[in-house]
Amino acid sequence: MASRSFVSRLREGDEIARLATFLCAASVVLITVLLVFELWRQSALPRHKFGFSFFLTRVWDPIAEQFGALPFIYGTLVTAAVALIIAVPLGIGAAIFLAELAPLRLSDPLQFLIDLLAAVPSVIYGFLGFFVVVPLMREWIEPALKKSLGFLPLFQGPAYGVGFLTAGMVLAIMVIPYIISVSREVLLSVPRDQREAALALGATRWESTWKVVVPFARAGIMGSIFLALARALGETMAVTMVIGNTPTISASLFSSGYSIAAVIANEFTEATGDLYLQSLIELGLVLFLLTFILNGLARLMMLLTTRRGTGMGNA
Amino acid sequence: MTGRLRWRKLVSGFMLTMTGVCALIAVSVLFLILGYLVYNGGTSINWEFFTKLPAPVGETGGGMANAIAGSAKLLLLATLLGVPIGFFGGVYLAEFSGSQVAFTVRYAADLLNGAPSIVIGIFAFAVAVHPFGHFSTLAGSFALGLMMIPITLRNTEEFLRAVPRALREGSMALGAGKWSTIVRVVIPAAYRGILTAILLALARVAGETAPLLFTALGNRYWSPGWNQPTASLPVMIYTYALSPYEDWHRQAWAAGLVLLGLILAVNIVARVILSRGTAVPRS
C-alpha cells in the first residue's frame with residue numbers, strides 16, 4: 001500500500017512536470033496567436049477606411065491623413081530583388097566550394113566564419129553601409145554603371161549613393177551567409193553515389209557538380225533562397241540607414257526610396273493620431289504575412305529535398 | 001574529341017575556381033567588417049567610453065556607460081523571460097509531447113523565429129508600452145525575451161533528442177521516474193548543447209536594434225529601475241551613426257567595436273563549449 005502510494009505520488013510528480021513544461025510550450029503558441037491578433041486588431045482603422053486601396057495608393061501624407069503603402073511595398077520588393085540577384089550566385093558558388101571542393105579541414109572553419117558573419121548585428125551592417133558602401137557607390141560604382149549601362153532606365157538619374165541599389169547591395173552581403181549555410185548542408189546531404197556515377201560516366205568534376213549534384217539538391221537550394229528572401233524583406237536597420245528614406249517609386253535603382261520596415265522604424269514613435277499609427281501597424285502585418293509565407297515555402301522546399309534524399313538512399 | 005575534352009576540363013577548372021572566389025569573397029567580408037571597426041573604433045575606445053555618460057550635444061568627450069548598463073539590464077531580463085520558457089518548452093517537446101502538439105508548437109516557434117524583428121517590436125509596443133503609456137526597460141526586455149524563446153526552445157529540443165534512448169531506458173530500469181530521469185540523466189547529458197543554444201540566443205538578441213526603437217526607446221542619462229526608457233548599445237550606434245557630429249561618429253565606431261567584439265566572443269565560446277562535448281549533434 002505504502003509503496004503504491006509512493007509510486008503514484010511519483011507519477012503525480014511526473015504529471016506536474018508534464019503540465020508545467022506543457023504550459024511553457026503552449027505559451028509559445030499563445031504568443032504567436034496573440035501577435036497576429038494584436039497586429040490585426042490594432043490595424044482596424046486603416047483596414048476599414050482604405051480597404052484594399054491601401055496597397056495601391058502612392059500617397060503617404062500624415063497631415064492629410066492619406067496613407068498608401070505602394071512606395072514602401074515597391075521599395076521592399078526592389079531592394080530584396082537586387083539583393084537576391086547579387087547574393088544567389090555568390091552564395092551558391094561559395095556553398096558548392098564548401099560542400100564539393102574544400103576538404104572538411106578547410107570547409108568546417110570556413111563555415112564557422114560564415115556563421116560568425118551571420119551573427120553580425122544588422123545595425124553594424126547599416127553603419128558600415130552608411131560610411132563605406134554609400135561613398136563607394138556614389139564615387140565609383142554608380143558612375144561606372146551609368147557609363148556602361150546608362151541606356152537602361154535602371155541606371156539613370158543622379159547618383160546620390162543612397163537608394164535602392166545600395167540597400168540591395170548591403171542586403172545581399174547580409175543574406176549571403178544564410179544561402180551558404182543552408183545550401184551547403186543540402187549539398188552535403190546528396191548521396192555520394194550520385195557524384196560517383198556521374199564521374200564514372202566521364203563527367204568532369206564541374207559537370208558532375210552542376211548537372212547532377214545541384215539539380216538533386218535543387219529544392220533545398222530554392223529553400224535557402226526563400227529563407228534569404230524572407231530575411232531581406234524583414235530587414236530593418238541596415239536598409240533604413242542606406243535607402244534614403246523618401247517614398248518614391250522610380251525605375252532608376254539610383255533613386256532613393258523607402259521600405260516597409262524602414263518606414264515603421266522611422267515614423268512609429270512620431271506617429272500622431274490613431275490612423276497614422278495603425279497604418280504603420282498594418283504595414284507590419286503585411287510584412288509579417290509576407291515573411292510567414294516565404295518561411296513556409298522555404299521549410300517545404302527543404303523538407304522535399306531531405307525526403308527525396310533519404311528515399312533515394314534507401315532504394 | 002581531345003579538343004572538346006580539353007575544353008570541358010578548362011570549363012570545369014574555371015568554374016571550380018570561381019566557386020572558390022565566391023567563398024573567398026563571402027569570408028573576406030567578415031575580415032573587412034572587423035578590420036574597419038578595429039581601425040576606426042580602436043582609437044576611440046578609452047576609459048571614458050565605459051564610465052561616462054554621453055556628453056551634452058555640442059560638447060566632445062563623454063561615453064556610453066548608460067548604454068552599456070542599459071544593454072546589460074535588457075539582456076538580463078530578456079534571459080530571465082526567454083530562457084525558462086524556451087528551455088522547458090523544449091523539454092516538453094522532446095520528452096512528453098505527442099506528435100500533434102509538437103507539430104503545432106514547433107510551427108509556432110518557427111513562425112515567431114522567422115518574424116522580422118521590427119514586427120516583434122510592434123507587438124511589444126502594443127502589449128507592453130501602449131497600455132502603460134510609457135517606454136520602459138521592461139518593454140524592451142519583453143521584446144528581446146520573445147525573440148529568445150523560439151531559439152532556445154528549438155535548440156533545447158534538438159539537443160535533448162540527440163541523447164541516446166538507452167540512457168533514458170537505463171535510468172527508468174533502475175526505478176527512476178520520468179521527471180527524475182530527465183533532470184538527472186537526460187539534461188546533464190545534453191547540457192553543453194543547451195548552454196550553447198542559450199549563449200547563441202543571447203548573442204543574437206544582443207545586437208537587435210529594431211525591437212528596441214519603440215519599446216526601450218533611448219535615454220541620454222542613467223535609467224534607474226525598470227520602468228523608464230533606457231539607452232542600449234545598438235540603438236546608440238544607430239542614432240550616433242546617423243548624427244551630423246564627428247565626435248558622435250567616433251563613439252559609434254567604438255560602440256560598434258565593443259558590441260561586435262562581445263557578440264563574436266560569445267559565438268566563439270559557444271562553439272568551444274560545443275566542440276568539447278561528445279554526444280551532441282551539429283547545430
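Quick caveat: nothing in here was measured; it's all calculated off a predicted structure.

J.: I keep staring at the overall build of chain B and nothing clicks. Help me out?
T.: Scanning chain B from N- to C-terminus turns up eleven helices and zero strands. Walking chain B from its N terminus toward its C terminus, one meets helices and strands in the order α-α-α-α-α-α-α-α-α-α-α. For a compact globule of 283 residues, the expected C-alpha radius of gyration is about 19 Å, and chain B comes in at 24 Å, more than 25% above that figure. Dimensions of chain B, computed from C-alpha atoms along their principal axes, come out at roughly 70 × 70 × 35 Å. Burial status across chain B gives 51% buried among its 283 residues. In chain B, the share of contacts with a sequence separation of at least 24, taken over all contacts with a separation of at least 6, comes to 74%.

J.: Is there a simple way to think about unusual backbone geometry in this case?
T.: Excluding glycine, residues mostly have negative phi values, and the peptide bonds linking residues are mostly trans. For Glu65 of chain A, which is not a glycine, the phi torsion comes out positive at approximately 55 degrees. On the secondary structure map, Glu65 of chain A appears in the loop between β1 (60–61) and β2 (66–67). You can call Glu65 of chain A exposed: it has 12 C-beta atoms within 10 Å. Although it is not a glycine, Leu217 of chain B sits at a positive phi angle of roughly 60 degrees. Tracing the backbone shows Leu217 of chain B in the loop between α9 (210–213) and α10 (233–241). Judged by the 22 C-beta atoms lying within 10 Å of it, Leu217 of chain B falls in the buried class.

J.: So what exactly am I meant to see when it comes to the interface of chain B and chain A here?
T.: Often the size quoted for an interface is simply the accessible area lost on bringing the parts together. In this assembly, 70 residues from chain B lie in contact with 67 residues from chain A. A total of 18 residues in the side of chain B that touches chain A trace back to one element, the largest contributor, which is helix α1 (residues 2–41) of chain B. Classifying every residue of the side of chain B that touches chain A by side-chain character gives 51 nonpolar, 13 polar and six charged.

J.: Help me understand the domain arrangement of chain A, please; the structure alone is not making it clear to me.
T.: Here chain A is partitioned into domain 1 (2–41) and domain 2 (47–314). Distance from the C-alpha centre of domain 1 of chain A to the C-alpha centre of domain 2 of chain A: 38 Å.

J.: Mind showing me how you'd approach the nonpolar core here?
T.: Nonpolar side chains tend to gather and get buried jointly when the protein is soluble and globular. Counting 196 residues, the largest nonpolar core has Leu171, Val175, Ile179 and Val242 of chain A together with Ile237 of chain B as its most contacted members. When residues in this core are grouped by element, the largest group, 18 residues, is from helix α3 (residues 70–101) of chain A. Summarising the domain contributions, this core has at least three residues from each of domain 1 (2–41) and domain 2 (47–314) of chain A. Apart from the residues within four sequence positions on either side, Val175 of chain A is in contact with Ala83, Ala87, Ala228, Arg231 and Ala232 of chain A.

Analysis parameters
Sequence positions are assigned chain by chain, starting from 1 and proceeding in written order. Just so you know, chain letters begin at A and ligand numbers begin at 1, following the order they were written in. For a predicted model such as this one, the threshold for reporting local features is a pLDDT of at least 70, and the threshold for listing and counting side-chain atom pairs is 80 or more; totals across whole chains, interfaces and linings nevertheless cover every residue. In DSSP terms, a helix is any run of H or I states spanning at least four residues, a strand is any run of E spanning at least two, and both are numbered starting from the N terminus. All radius of gyration figures rest on C-alpha atoms, and the globule criterion is 2.2 Å times the number of residues raised to 0.38. Note on burial: count the other C-beta atoms lying within 10 Å of the residue's C-beta; 20 or more is buried, 12 or fewer is exposed, in between is partly exposed, and C-beta positions come from the backbone. It is the C-beta atoms, placed from the backbone, that decide contacts: two residues are in contact if theirs lie within 7 Å. Any residue outside Ala, Val, Leu, Ile, Met, Phe, Trp, Tyr, Cys, Pro, Asp, Glu, Lys and Arg is labelled polar, Gly included; the first ten of those are nonpolar and the last four are charged. For the domain bounds, the source is a domain assignment made automatically or taken from a database. The term nonpolar core refers to a set of buried Ala, Val, Leu, Ile, Met, Phe, Trp, Tyr and Cys residues connected through C-beta atoms within 7 Å.

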